[in-house]
Amino acid sequence: MTKYLHTMIRVTDPEATVRFFELIGLKETKRFDSEQGRFTLIFLAAPGQEGVAEVELTHNWDPEVYTGGRNFGHLAYRVENIYETCQRLMDAGVTINRPPRDGHMAFVRSPDGISVELLQEGHLPPAEPWASMPNTGAW
């Protein structure tokens, strides 16, 4: 039997990344610091998904430059209300790269450039200002 555990992404600012995912609705489930390995692991999950489907944030303490966030692909999360989620992200200064013009799908990026797809639970009718909002940057 195969069971999905988590997706790991490397991050440069773990606290900014945790705050970003909290805006989507994820919560930190556990954290592990390795003095010897000089890294921190932070696991996040949507409510009820703890230990089932998590994101592992890996922060290497020694500075590194990470490139190619787009070639990772993306993380995807189903949200209860895509308009409210996108508004919460925008209010926190996050760019909505692909607005939810159709009431169903949006894309944003984490502080480290990881593409995150937001999908509406069910479907909402198109609504302003989202319906006429253009794409910004790459998603």
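The name given to the chain in an unreviewed UniProt entry is Lactoylglutathione lyase, with Blastomonas fulva as the source organism.

Within the fold, V65 resides in the loop between β4 (54–60) and β5 (74–79). For the pair V65 and V11, spaced 54 residues apart in the sequence, the C-alpha separation amounts to 9.9 Å.

All right, on to the sheet that holds strand β2 (residues 27–34) then. Two pairing modes exist for strands in a sheet, parallel and antiparallel, and in both the strands are linked by backbone hydrogen bonds. The four strands lie next to each other as β1-β4-β3-β2, forming an open sheet whose pairing is mixed. In this open sheet, the two edge strands, each paired with only one partner strand, are β1 (6–10) and β2. If you compare each strand with its neighbour and ignore which way they point, the axes differ by 20 degrees on average. Relative to strand β3 (residues 39–45), β2 runs antiparallel, the two being bridged by seven bridges. Considered in β3, the bridge of R31 is made with I42.

Thresholds, definitions, all that
Residues numbered from 1 in each chain as written. Predicted model: local features only at pLDDT ≥ 70, side-chain atom pairs only at ≥ 80, totals over all residues. Heavy atoms only, no water. Helix = DSSP H or I, 4+ residues; strand = E, 2+ residues; numbered from the N terminus. Pairing = 2+ DSSP bridges. Axes fitted to C-alpha atoms, helices over the stretch in contact; angles between N-to-C directions.

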